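# Understanding the architecture of this molecule
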Amino acid sequence: MEKVIDIEDRIPTLKERRRRRTNKKFSILLFLFVTTLIVVLYFQSSYSRIQTIRVTGATLVSNEQYIKQSTLNLGDSMWSFRENQITKLIEENDWVASAKVNRKWLTGVEINVKEYKKIGYEEKGNNLLIILKNGKNIEVEGQVVPMDGPIFSGFKDEKIRMRLIKELKNLNTEVLMTISQINYTPTENDAYSIQVFMNDGNEVQAIIPSFSSKMKFYPSIVSQLDPDVKGIIDLEVGSFFQPYKEVYKKVVKEEATEVEEEQAP
């Protein structure tokens, strides 16, 4: 025999279900209202605006130049730009190897750049251009003082120039810092001949293809020489040192011989 449930017994249960559904709907509506209110207040407040733009890794150009290139301004909406688009703008610079743009906390933007390292300098009129490891030349504002790389002189052939840059990239930083200037001095026998002036007062004669492999021994070579006697170190074939006084004495004798021959009847 089936049990019969009185309608009066069911009413409290139905009321409770209705109350729960009503409370659930109210909670959802309240949540949506509060969330919308918070979003509206956020976008109207200063917390949705860029208050700081920080640049890290900049050495070749100023932080202000990177900020200008990013097109970002203080007071702009934190959500009015795409990070990857700003990154692409920064990476368009020849001297930038890579860049990364991130939103920081609620009101900050950080631009991190990784620049190509300097390999040397190149003469351009009365100014010096910075040569980077990627082979590009850049001109920066203000006077450039060569302190962390040699000056290139006479390298008009781009193939020769890039070959030298390749060699310098393989040099130890400490050795590279000892080089003051590199002159391109091709001969009939070798188009890769160079003349290298060192910060310690010595001169090196070498050829580009073997430059890095031989120059790595430069500190060891000069450690065996008298520091008070400067001269020319020939690294073209082997390793030969000749003091300046002997070289100049030989040149003076040769010039005197030529004069005597010209004056002879």
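Residues numbered from 1 in each chain as written. Predicted model: local features only at pLDDT ≥ 70, side-chain atom pairs only at ≥ 80, totals over all residues. Heavy atoms only, no water.

This part is about helix α3 (residues 83–91). Residues of α3 that are buried: I86, T87 and I90. For α3, the angular spread of the buried residues around the axis is 105°, confining them to a single face. Tucked into the core, α3 has its buried residues touching α2 (63–70), β2 (96–104) and β3 (108–115). (Buried < 20%, exposed > 50% of the residue type's maximum accessible area, 1.4 Å probe, protein only. Helix = DSSP H or I, 4+ residues; strand = E, 2+ residues; numbered from the N terminus. Arc of directions from axis to C-beta. Contact = heavy atoms within 4.5 Å.)

Residues shown with low pLDDT carry predicted positions that ought not to be read at fine detail. Summary statistics for the protein chain give a mean pLDDT of 84 and a share of 82% for residues scoring 70 or more. Ranking the helices and strands of the protein chain by mean pLDDT puts strand β9 (residues 193–198) first, with 97, and helix α8 (residues 244–263) last, with 58. Low pLDDT, under 50, characterises residues 251–261; the stretch is placed with zero contacts to residues that sit more than four places away or in other chains. (pLDDT = per-residue confidence, 0-100.)

What follows is about the packing of aromatic side chains. One pass over the structure, following the stated rule, counts two aromatic pairs. On the basis of an interplanar angle of 50° and a centroid distance of 5.4 Å, the ring pair of F152 and F155 is categorised as tilted. Classification of F155 as buried rests on a relative accessible area of 5%. Put simply, the rings of F152, F155 and Y184 pair up and form one aromatic cluster. Over the aromatic face of F81 sits the side chain of R103, whose NZ or CZ is 4.3 Å from the ring centroid. (Phe/Tyr/Trp six-rings, centres within 6.5 Å; stacked < 30°, edge-to-face > 60°. Lys NZ or Arg CZ within 6 Å of the ring centre and 35° of its normal.)

Counting 26 residues, the largest nonpolar core has F155, L164, L168, I194, V204, F211 and M215 as its most contacted members. Listing elements by their share of this core, those giving two or more residues are α4 (158–169), α5 (173–176), β8 (179–184), β9, β10 (203–207), α6 (211–215) and α7 (218–223). Ranked by residue count, the leading element in this core is α4, at four residues. Excluding its chain neighbours within four sequence positions, the residues that come into contact with V204 are I194, Q195, V196, M198, M215, Y218, I233 and L235. (Core = buried A, V, L, I, M, F, W, Y, C linked by side-chain atoms within 4.5 Å.)

This next bit is on the side chain of T107. Looking at the secondary structure, you find T107 in the loop between β2 and β3. Setting aside residues up to four positions removed in sequence, T107 forms contacts with S46, Y47, R49, I50, Q51, T52 and M78.

A separate point is the pattern of salt bridges. Evaluated as defined, the whole model comprises five salt bridges. In this structure, R103 and E83 form a salt bridge, with 3.6 Å as the shortest nitrogen-oxygen distance. Of this pair, R103 sits in strand β2 while E83 sits in helix α3; the two residues are 20 residues apart in sequence, bridging distant segments of the chain. Classification of R103 by relative accessible area gives partly exposed; the value is 23%. For E83, a relative accessible area of 28% puts it in the partly exposed group. A salt bridge links E158 to R161, with the shortest nitrogen-to-oxygen separation between them at 3.0 Å. Note that E158 and R161 are positioned in helix α4 at a spacing of three residues, about one turn of the helix. Counted as one network, the salt bridges with shared partners bring together E122, E158 and R161. (Salt bridge = Lys/Arg side-chain N within 4 Å of Asp/Glu carboxyl O.)

The residue G135 is located in the loop between β5 (127–132) and β6 (137–138) in this model. Residue classification places G135 among the buried positions, given a relative accessible area of 7%. Every residue in contact with G135, bar those within four places of it in the chain, is listed here: R161, M162 and I165.

Below, the discussion takes up the side chain of R161. Overall, the relative accessible area of 3% leaves R161 in the buried class. In this structure R161 touches E122, I131, G135, K136, N137 and F155, once residues within four positions along its chain are discounted.

Reading across from one edge, β1-β3-β2 is the order of the three strands in this open sheet, with mixed pairing throughout. On the outer flanks of this sheet lie β1 (52–56) and β2, each paired with one strand and no other. Across this sheet, the average inter-strand angle for adjacent strands is 15°, counted without regard to direction. The pairing of β2 with β3 spans eight bridges and is classified as antiparallel. Across the sheet, N102 pairs through a bridge with E110, a residue of β3. (Pairing = 2+ DSSP bridges. Axes fitted to C-alpha atoms, helices over the stretch in contact; angles between N-to-C directions.)

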